[in-house]
Amino acid sequence: MRFLGIRWASLLIVGLLLPLPALSEDVPATLYSWRGSVPQDVFDRYTEVYGEDLIVDSFMAADEAEARLALKDAPYDLAVLPIEVVPRLLANNTLQPVKTQVAALKDVAPTLHLDVFDALLPDVSDYVVPYLWGSTGMIIDVPAVRARLPNAPLDSWSLLFDSKNAEALADCGISIVNSSQEVLALTLSYLGKDPNRFSEEALDAAFGTLSQVMPYVSSISDLHYSKLRNGEVCIALVWSVPGVAPKIEGFGEQYTYVLPKEGAIMWSNVLVAPRKREPSAHLQQLLSFVLSEEVFERLAAHSFASMSPFGEDVALSPMQHMLKAEIFPTNQMQRLFMLEPLTGAQKHDLDTRWRRLQIGRYQ
Amino acid sequence: MARLRTTKRILRLRSGVALSILLVASIAAMWIVLAGREAVATQTRNTTCIDTILLSLSEMAIALHQIEDADNVYRVSAFESQIRQAVVAADEAHTALSDEKGVNAFSPAAQDILRQATFNPLQELSEVISLAEIVVDPAEVDEATHTAANLASDLAYRLMPFFDRIRQYELEAAEVIADRQVIYGAAALLVSLCGVVFAALFAHLPMEQYVLNAQRDIERSQRAAEAASEAKTMFLATMSHEIRTPLNGVLGLADVLSDTKLDPDQRRMLGMISSSGNNLLQMINDILDLAKLEAGKTSLEFVDFDLEMVCRETTELFSGQAVRRNVRLNVESAHSEAGWYLHGAQGAVRQILSNLVGNAVKFTENGTVSVRLEDVPGPEGAPRFVRLSVRDEGIGISPDSLKRIFDQFEQADASTTTRFGGTGLGLAIVKHLTETMNGHVQVSSVVDEGSEFSLVFPVAKALARKQASKTQFTSTFDKRVLVADDNKVNQMVAQKLLQKLGCDVQLASNGLEAVNKARSWAPDLILMDVRMPVMDGLQATRAIRMDASIPGSATLPIVGLSANTRGEHEEAIASVGMSGYLHKPINREALVAELMRHWTTEDADGLDPNDLPSGLSA
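Right, let's walk through the structure included here. All values reported here derive from a predicted model rather than from experimental measurement.

Conventions adopted
Within each chain, residues carry numbers counting from 1 in the order of the written sequence. All chains are assigned letters beginning at A, and all ligands numbers beginning at 1, according to the order in which they are written. In keeping with the model being predicted, local features are shown solely for residues with a pLDDT of at least 70 and side-chain atom pairs are shown and tallied solely at 80 or more, while totals for entire chains, interfaces and linings include all residues. Calculated side-chain values reflect all of the structure's heavy atoms, with hydrogen atoms and water omitted. Counting from the N terminus, the helices are DSSP H or I runs at least four residues long and the strands are E runs at least two residues long. Think of it in three bands: with a 1.4 Å probe and only protein chains considered, a residue is buried below 20% of the maximum accessible area for its type, exposed above 50%, and partly exposed in between. In what follows, a contact means two residues having at least one pair of non-hydrogen atoms within 4.5 Å. Reported accessibility uses the Shrake-Rupley method at a 1.4 Å probe radius. Residues are deemed covered only where the shown protein chains occlude them. Throughout, disulfides are identified as pairs of cysteine sulfur atoms within 2.5 Å of each other. Throughout, the accessible surface (probe 1.4 Å) given up by two parts as they are put together, summed over both, is called the buried area. By definition here, a salt bridge exists when the distance from a side-chain nitrogen of Lys or Arg to a carboxyl oxygen of Asp or Glu is within 4 Å. N or O atoms within 3.5 Å of each other form a polar contact, as long as, within protein, one can give a hydrogen and the other can take it, and as long as residues adjacent in sequence are counted only when both atoms are side-chain atoms. Note on definitions: angles span 0 to 180 degrees between N-to-C directions of axes, and those axes are lines fitted to C-alpha atoms, for helices only across the stretch in contact. With respect to orientation, any angle under 35 degrees is reported as roughly parallel, any angle over 145 as roughly antiparallel, any angle of 65 to 115 as roughly perpendicular, and every other angle as oblique. For a crossing to be left-handed, the near helix must be turned anticlockwise from the far one by less than a right angle; the clockwise case is right-handed. Arc definition: directions from the helix axis to the C-beta atoms. Each pair of aromatic rings taken from Phe, Tyr and Trp, with Trp reduced to its six-membered ring, is defined by centres within 6.5 Å and is described as stacked if the planes are under 30 degrees apart, edge-to-face if over 60, and tilted in the remaining cases.

## Some details on the overall build of chain B
Here is step 1 of the chain: Secondary structure summary: chain B contains 18 helices and 14 strands in total.
Here is step 2 of the chain: Residue burial in chain B is summarised as follows: out of 618 residues, 44% are buried.
Here is step 3 of the chain: Once local pairs closer than 6 in sequence are excluded, the contacts in chain B between residues at least 24 apart make up 71%.
Here is step 4 of the chain: Of the roughly 31,800 Å² that chain B leaves accessible, carbon and sulfur atoms contribute 56%.

## Things to note about the state of the cysteines
Residue and element names in this part refer to chain A.
Here is step 1 of the chain: Using the criterion set out here, one finds one disulfide over all chains in the structure.
Here is step 2 of the chain: One disulfide in the model links Cys 172 with Cys 234; its S-S distance is 1.7 Å. Every disulfide takes its handedness from the sign of the S-S torsion; for Cys 172 and Cys 234 that torsion is 45 degrees, giving right-handed. Of the two residues, Cys 172 is situated in the loop between helix H8 (163-169) and strand E6 (174-177) and Cys 234 in the loop between helix H11 (224-229) and strand E8 (235-239); the sequence distance between them amounts to 62 residues.

## Focus on the side chain of Asn 490 of chain B
All names here are of chain B.
Here is step 1 of the chain: Its location among the elements puts Asn 490 in helix H14 (residues 488-500).
Here is step 2 of the chain: On the basis of relative accessible area, Asn 490 is assigned to the buried category, the value being 4%.
Here is step 3 of the chain: What Asn 490 contacts, discounting residues up to four positions off in sequence, is Thr 245, Asn 248, Gly 249, Asp 485 and Lys 584.

## What to know about helix H13 (residues 426-436) of chain B
Residue and element names in this part refer to chain B.
Here is step 1 of the chain: Those residues of H13 lying buried are Gly 426, Leu 427, Ala 428, Ile 429, Val 430, Leu 433 and Thr 434.
Here is step 2 of the chain: For H13, the elements touching its buried residues are helix H7 (264-294), helix H10 (346-362), strand E6 (440-446) and strand E7 (450-461).
Here is step 3 of the chain: Phi turns positive, to about 70 degrees, at Asn 438, one or two residues after H13.

## Observations regarding the interface of chain B and chain A
Here is step 1 of the chain: On the side of chain A, 36 residues touch chain B, which itself brings 39 residues to the contact.
Here is step 2 of the chain: Carbon and sulfur atoms make up 59% of the area that chain B and chain A hide from each other, which totals about 3,400 Å².
Here is step 3 of the chain: When residues of chain B are sorted by the area they lose upon contact with chain A, Thr 118, Arg 158 and Arg 165 of chain B head the list and together hold 17% of the total.
Here is step 4 of the chain: Viewed at the interface, chain A and chain B are joined by four salt bridges.
Here is step 5 of the chain: Connecting chain B to chain A are nine residue pairs in polar contact (both at pLDDT 80 or more).

## Description of the packing of H10 of chain B against H13 of chain B
Residues and elements named next belong to chain B.
Here is step 1 of the chain: Running from N to C, H10 and H13 point in directions that differ by 150 degrees, and their axes come no closer than 9 Å. One finds that H10 runs roughly antiparallel with respect to H13. As for how H10 packs across H13, the hand of that crossing is left-handed. In this structure, H10 uses Ala 348, Gln 351, Ile 352, Asn 355, Leu 356 and Asn 359 to contact H13, whose residues at the interface are Gly 426, Leu 427, Ile 429, Val 430, Leu 433 and Thr 434.

## Description of the pattern of salt bridges
Here is step 1 of the chain: Counted under the stated rule, the structure contains 35 salt bridges over all chains.
Here is step 2 of the chain: In this structure, Glu 48 of chain A engages Arg 45 of chain A in a salt bridge whose closest nitrogen and oxygen atoms are separated by 2.9 Å. Remark: Arg 45 of chain A and Glu 48 of chain A occur in helix H2 (residues 40-50); sequence separation between them is three residues, near one turn of the helix.
Here is step 3 of the chain: When its relative accessible area of 28% is taken as the criterion, Arg 45 of chain A is described as partly exposed.
Here is step 4 of the chain: One salt bridge in this structure joins Glu 127 of chain B and Arg 355 of chain A, with 3.1 Å as the shortest N-O distance. Here the residue Glu 127 of chain B occupies a position in helix H5 (residues 121-135), and Arg 355 of chain A occupies one in helix H17 (residues 344-358), the pair thus bridging two chains. A single burial state applies to Glu 127 of chain B and to Arg 355 of chain A, both of which are buried.
Here is step 5 of the chain: Within this structure, Asp 73 and Arg 277 of chain A together with Arg 165 and Glu 172 of chain B form a network of salt bridges that share partners.

## Observations concerning the packing of helix H9 (residues 180-190) of chain A against H17 of chain A
All names here are of chain A.
Here is step 1 of the chain: Their axes nearest at 10 Å, the elements H9 and H17 cross at an angle of 80 degrees. Our classification of the angle between H9 and H17 gives roughly perpendicular. Residues Ser 180, Gln 181, Val 183 and Leu 184 of H9 pack against Lys 347, Leu 350, Asp 351 and Trp 354 of H17.

## Focus on unusual backbone geometry
Here is step 1 of the chain: Positive phi is not limited to glycine here, since Phe 304 of chain A has a value of about 50 degrees.
Here is step 2 of the chain: Looking at the secondary structure, you find Phe 304 of chain A in the loop between helix H15 (293-302) and helix H16 (318-327).
Here is step 3 of the chain: What makes Phe 304 of chain A buried here is its relative accessible area of 9%.
Here is step 4 of the chain: Not every positive phi belongs to a glycine, and Phe 119 of chain B is a case in point at roughly 50 degrees.
Here is step 5 of the chain: Its place among the elements puts Phe 119 of chain B in the loop between helix H4 (108-115) and H5.
Here is step 6 of the chain: Judged by its relative accessible area of 11%, Phe 119 of chain B falls in the buried class.

## Re H2 of chain A
Residues and elements named next belong to chain A.
Here is step 1 of the chain: When we look at burial in H2, the residues that qualify are Val 42, Phe 43 and Tyr 46. In an axial view of H2, the angular spread of the buried residues amounts to 105 degrees, which keeps them on one side of the axis. Summarising the geometry of H2, the exposed residues directed more than 90 degrees from the buried face are Gln 40 and Glu 48.
Here is step 2 of the chain: Buried residues belonging to H2 abut strand E1 (29-34), strand E2 (54-59), helix H14 (283-291) and H15.
Here is step 3 of the chain: Where H2 ends, the next residue or the one after it, Gly 51, has phi of about 70 degrees, a positive value.

## Focus on the packing of aromatic side chains
All names here are of chain B.
Here is step 1 of the chain: Counted by the stated rule, this structure contains 16 aromatic pairs over all chains.
Here is step 2 of the chain: Ring centres 6.2 Å apart and planes at 40 degrees place the aromatic pair Trp 31 and Tyr 184 in the tilted group. You can see Trp 31 sitting in helix H1 (residues 2-69) and its partner Tyr 184 sitting in helix H6 (residues 142-258), a full 153 residues away along the chain.
Here is step 3 of the chain: The exposure class of Trp 31 is exposed, given its relative accessible area of 53%.

## Structural notes on the environment of Glu 66 of chain A
Here is step 1 of the chain: Summarising the element assignment, Glu 66 of chain A is placed in helix H3 (residues 62-69).
Here is step 2 of the chain: Here Glu 66 of chain A falls in the buried class, since its relative accessible area comes to 5%.
Here is step 3 of the chain: For the pair Glu 66 of chain A and Val 86 of chain A, spaced 20 residues apart in sequence, the C-alpha separation works out to 8.5 Å.
Here is step 4 of the chain: With residues near it in sequence (within four places) discarded, Glu 66 of chain A still touches Leu 81, Val 85, Arg 88, Leu 89 and Lys 347 of chain A together with Thr 118 of chain B.
Here is step 5 of the chain: Here the side chain of Glu 66 of chain A touches Arg 88 of chain A through a polar contact of 2.6 Å, side chain to side chain.

As structure tokens, then:
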């Protein structure tokens, strides 16, 4: 009898999904962003400025956001996404151009580099507003690692991708971020291959390497901040967001965030506007609010992300200066590369392999 | 006719166009119904398929999520069972959608989603199914099962909005199709209405006008035909009068001449003159009678009469002819409870019988002609019908000729006319007269054995009792008779006949003379021609009746004379106060009968009975 409940619950879910009412003018401005990326005072500030509520819907993984935004008429006025996802969403025609709408905001957001993607990703530059920047590197519990691998270089992915090292570190906790393209790109970097060339051979090599270390990986997770906070890992492939947190917040002095010499990722989250049947009434207002100097910096500081990785910008706050130094160490900048977009089919193939890897069925 | 043919062609064309429009509308309506049915069936299949996927995904998502927290093997087993069922249903739906045909059946918006490159729902569904199958695979270790369940559950949750959106698009497409069906249906209805309006405006109404015009043409033609018939009748009547007037003279003078002393050759030639004249007169009468019958202008005079007596009298008229052809005439009547004194069209019966007996005698040689009279039994309450049959033992009629024996100018064959003479109008008159009496005539015949003509007609009971016939006796009249006629021959005929009857005769050539003679000479009786120059007989009669200076002007017998058939002047004659009527050419028998009607037996003196016509004898 208990399991009949599943059917009823399923019907309820389907029933709740079915109406999906169209957004009306009365619906408040809605932002779609990473979970925990918008502090309460920003909500309050929005209400204070505009006299309206701000709704923030959140996601735990970029794939989740991609899936949500891959469907037209997503109920958001503005969304935060990794830049490499945008071309695939454009292939589904689910985004609308926003660049012309933010051109007038130059004065509002002086640190904004609107033209940063013009040459790099010309096809998507009209659809994105550069937002937050960060890196994907390795955080190490130096004492723990040294205790187990006294001679191992601490600035190399070999600490993680060499199965012998992984085996040695398994007892103190190894964690990998749940982001298939980033992990594969970094694995290829470790293997000395082009991190953006996902040929069959390259994939086989990368997954071969990963499958050897997977038995020693304690978690593939999006929740590294708590793991670091609790001292559950001694080495992790992480985004800079949790990677710089111990330093910024002053906990876990044993942790060091490094950009390995084989290569690390410079990622960019951008603002996009989902395409809707009716033009968004809040888009312009929400963009103005998010990109305003005060709010922009607050959001970046809260996410431990950089507002800009480019050059010396005197306009940056001390907090931004500190974050930029930790996320993009000046002496390691040459190790950074950006991910190139994958097609939908490539991404599907990659994800399928990634899931098989996680359940130990990759051969 | 050219106009009518053109109209007919155009009407047919327009009717064809109207019918084509209606046919197109009907076919379109049928197509709409069939297309709508197919569209509904397709939408139902699609929606059912998507519903199955949605339900399976939600079942899997919940079960996969709960299986991670299952605290004992029984619950895990139950969740696995649930997942297996959902996997089977999802897999079947996925298979149905996997080929291009399955995707093509969806609306364009739904197809966009089903074919989208990023996060393709079908590919992801396949992945969910695959992961779920790993979860329920008994060979898998717990850790892999949990990870797979977690991954499958996440993916299933992400996937559901896509299929839900597809479902929405399908429902919207169904609404669009339904609306389109209504529009198409309305269009088909509009086309039908156009067809109806077209048919009404360009086919029905013109057709109605066409029929009305045709009807008017027919009525116009009918009136023209009636006018032509009227003119023909008038022409025949006029010609009849014009021919009979001199013929009256010929026959009358022949009659007078026969009373003079002649040698045998002269008497034989005079007989031939009379015979030829009578034949000619009969022919003229037949033509005139037929014309009147066809024009429907014949009104029968119904009187009380002795039918058996009429049969005998009429048959007797042919006795002389019968003797010459060695034919025995036989009249027999069956016993009748009601008797043969009855009410009917005596004149018509006499004419019919005269034609039939005349024919029978003419076509029979050395045989018998039998006239038989009998009642025709009928149901109780029905009118009384009698059958009058004339049977001969003559040459008979062939079966082919029998079919047209009653047609005008038809005889059994061409040789008949040559051999026996006649106009071929007699039997046509018989048929017309019989039908005018509401009776019918039929004939049966065997070639070389004879023929039998039978007519059956209704009669009524006599209105008055039969009076005993008065015995007439012959005499001469010592009376003064004024003869008023513009035709000198007719004057002479009448004068000679009257003088032979002992009358003193004076003549007048017009009505005015007749009035003056009536005043000056005081005649006992006037024979007054109806049509005369200066003053016609009707005016003259009216003048005499109103002239008090004429002795007994109100009661003076004035007998009208006319070459027209009886009845044509009858009403006019009665209205001006004429006392009687004689048909020209006057024959002695009719004249004597008319005189005796006006004068008592005392007025007659010593007339030779042999001079009286046989029909007047008892």
